[in-house]
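# Observations on chain architecture
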There are 2 protein chains.
Amino acid sequence: PMNPSYKDTFKAYSEAVDQRSNGAWQAARFGAIAVLVRSMTLKKDAYAHTGAVNYQDSLPRIPAMALSTEDADWLSNTLKSGVDCRASLQLSATWFADTLSHNVVGEIRGTQKRDEIITIGGHLDSWDLGEGAHDDGAGIVHSLEAIRLMKKNKIKPVHTIRCVLFMNEENGNRGGLTYAKLAAERGEKHIAAMESDRGGFKPEAFSVDASETALAAVKQLQPQLDKSGIKEIYAGYGGVDIGPLKKVNPGIVLIGLVPESTLYFNYHHAETDVLEAVNPDHLQAGAQAFYEMLVLIDKNL
Amino acid sequence: PMNPSYKDTFKAYSEAVDQRSNGAWQAARFGAIAVLVRSMTLKKDAYAHTGAVNYQDSLPRIPAMALSTEDADWLSNTLKSGVDCRASLQLSATWFADTLSHNVVGEIRGTQKRDEIITIGGHLDSWDLGEGAHDDGAGIVHSLEAIRLMKKNKIKPVHTIRCVLFMNEENGNRGGLTYAKLAAERGEKHIAAMESDRGGFKPEAFSVDASETALAAVKQLQPQLDKSGIKEIYAGYGGVDIGPLKKVNPGIVLIGLVPESTLYFNYHHAETDVLEAVNPDHLQAGAQAFYEMLVLIDKNL
């Protein structure tokens, strides 16, 4: 669209990102010895935007590098011009063996429905070029701040509220998968989960992945979020980390915080994703909206 | 509000800016020999945000300097601590004599109502610390691009369309006042004017200063602007440059382009207001919305 909204931000990404995630093994099938991938960003800039790369055991694990959009355009134009063009690649990336890491979990016990859990969270890990301020430092701050506001405002939740700072979303969603696996093993009942993983921008909406009945119930909460600037509650994606809980509790309501994210991919997985790129007022407004939604679903679900 | 919207951006500014515009002469009344003014920005940063300062002929024209918010907080805390605190001021600013300058005007003659004029524009001048990219380079681009799109799409307007790049908005609105003065002298009939002077951010709405009847008519155009991402048309301010036309043609419809401006004062009148702070997609989307509104009012007014 001419003027994309917060609903459009992740559409182009989800449709194009296989060039990065599966480009290497696909190219290896045709004998490529390396791949250079145009960065997944709408911005014309000089920064490499990186991300997960998959390999197939039956095919060579060829090197894969992200090119900035400026460099990719230069390379493309140079190739088109017919000039002889050679690339020399130098990579310092290494695959290390897996190591033990942890989700960080805090809990406020429910006063009435102690055995029914509402999880809120974001993910702790990030791609190491920047600081991961938008992806997903903002989600961590939103989650911690929602809990702080709950304590500050002396709210005793109906359900048990769990704040989970997920580890390793970026490289296989191990934190989210492990959290769901433990939930299943323990027979936990998760009625809802909220995630913030779309940046620390001005909050605009919530997207909800739930049954039609539950979606309708959550949508009815919108007027109570008016003051927080939440304009819309719509059917959509919850979040990567909380997603696996759906297999454990198919009736779960998954809720994603949706900010004005049209500049998200200026920063995503790049050197530019630093704290200075996050506006403090927008970050605080996001935390407030996240907190208010948490209190509302605790009361109403 | 906790999560300010595009409607709130200029409210705080308009209520606080008299500290800068009238602080010097007010302080002079009490014997001050200079004033240091906290910058008009919500952002905590190290940049001085400047702007117009008024004096009174009957009072000393004492020096006035903008302090960055970080410096102002430091100064305030230092003063509170009771430490002996002295300031040494060095200013290079000078009042030069007025000199001749010009609005830049282009015109497409109307096909049916040639004598009825619709003006669109922004202002050419800016405070000289940065480049004036948001204030108001963006408005200039929106205006030029609206005319370019009109020609490209071979639209023959009903009314005469005038694109005016106003000179000297920042220091007394001389361009806008002179344009209106000439319009009066020539007996011109101005039925509408559109201004973009709120930055090159993602377009969200239009604010309209008009009679109730005309406002209702313009509001009805909103669905046709849906695709441009324009969510709302509401009663509000038109713009500084086009404002004086109202005295010439009281029935005029004044329309301001309203972008997602909550970060506007991060850049306003500061070294940070440079082209790099403008997102090209947002700038283009603003021009598209400005153009579409122009075509709609030309057809419907």
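We now turn to the structure provided with this report.

## Some remarks on the overall build of chain A
In terms of regular secondary structure, chain A is built from 10 helices and 9 strands. Scaling as 2.2 N^0.38, a compact globule of 301 residues should have a C-alpha radius of gyration of about 19 Å, and chain A matches this with 21 Å. For chain A, the spread of C-alpha atoms along the three principal axes comes to 70 × 40 × 35 Å. Within the span of chain A, comprising 301 residues, buried residues form 50% of the whole. Counting only contacts in chain A whose residues sit at least 6 apart along the sequence, the fraction spanning at least 24 positions is 83%. Here chain A displays about 15,200 Å² of accessible surface, and carbon together with sulfur accounts for 53% of that area. Computed over 31 positive and 38 negative side-chain charges, the separation of the two mean positions in chain A equals 6 Å.

## Focus: the sheet that holds strand β8 (residues 232-235) of chain A
Residue and element names in this part refer to chain A. With mixed pairing, the 7 strands of this open sheet are ordered in space as β3-β5-β4-β6-β9-β7-β8. Of all strands in the sheet, those with a lone pairing partner are β3 (104-108) and β8, marking the two edges. Shown here is a sheet whose adjacent strand axes are inclined to one another by a mean of 20°, direction ignored. Sheet contacts for helix α5 (residues 133-152): β3, β4 (113-123), β5 (159-166) and β9 (253-259); angle to β4, the most-contacted strand, approximately 145°. Across the face of the sheet, helix α6 (residues 174-185) comes into contact with β4, β5 and β6 (189-195) while running at roughly 145° to β5.

## Some words on a nonpolar patch on the surface
Taken together, the side chains of Leu 36, Leu 89 and Leu 91 of chain A define a hydrophobic patch exposed on the protein surface, amounting to about 210 Å² of accessible area. Summarising the element assignment, Leu 91 of chain A is placed in the loop between α4 (69-81) and β3.

## Some details on the interface of chain B and chain A
It is common to report an interface's size as the accessible area lost on association of the parts. Contact with chain B, which involves 21 residues of that partner, is made by 21 residues of chain A. Taken over both partners, the interface formed by chain B and chain A buries close to 1,700 Å², and the fraction arising from carbon and sulfur atoms is 52%. Looking only at chain B, the three residues that lose the most surface to chain A are Met 2, Asn 3 and Lys 202 of chain B, adding up to 35% of its buried area. Inspection of the chain B/chain A interface yields 0 salt bridges. Viewed at the interface, chain A and chain B are joined by 10 residue pairs in polar contact (both at pLDDT 80 or more). Here the side of chain B that touches chain A gets 4 residues from one element, more than from any other, and that element is helix α10 (residues 280-300) of chain B. A class-by-class count of the residues in the side of chain B that touches chain A yields 6 nonpolar, 9 polar and 6 charged.

## Regarding the relation of the copies chain B and chain A
Between chain B and chain A, which share one sequence, the superposing operator has a rotation angle of 180° and an axial displacement of 0.1 Å; the RMSD is 0.0 Å. Here the copies are linked by what is in effect a two-fold axis. When C-alpha positions in chain B are compared against the rotation axis, the closest is assigned to Glu 260 of chain B, at 4.7 Å. An overlap of 100% is found between the interface residues of chain B and their copies at the interface of chain A, pointing to a shared contact surface.

Cut-off values and rules
Residues numbered from 1 in each chain as written. Chains lettered and ligands numbered in written order. Predicted model: local features only at pLDDT ≥ 70, side-chain atom pairs only at ≥ 80, totals over all residues. Heavy atoms only, no water. Helix = DSSP H or I, 4+ residues; strand = E, 2+ residues; numbered from the N terminus. Rg over C-alpha atoms; globule rule 2.2 N^0.38 Å. Buried < 20%, exposed > 50% of the residue type's maximum accessible area, 1.4 Å probe, protein only. Contact = heavy atoms within 4.5 Å. Areas by Shrake-Rupley, 256 points an atom, 1.4 Å probe, with all protein chains shown as cover. Lys, Arg positive; Asp, Glu negative; His and termini not counted. Charge placed at Lys NZ, Arg CZ, Asp CG, Glu CD. Pairing = 2+ DSSP bridges. Axes fitted to C-alpha atoms, helices over the stretch in contact; angles between N-to-C directions. Patch = residues over 30% accessible without salt bridge, like charges linked within 9 Å, V, L, I, M, F, W, Y side chains within 5 Å. Salt bridge = Lys/Arg side-chain N within 4 Å of Asp/Glu carboxyl O. Buried area = accessible area lost by both parts, 1.4 Å probe. Polar contact = N/O pair within 3.5 Å; in protein donor to acceptor, adjacent residues only side chain to side chain. Nonpolar A, V, L, I, M, F, W, Y, C, P; charged D, E, K, R; others polar. Least-squares fit on C-alpha atoms with pLDDT ≥ 70 in both.

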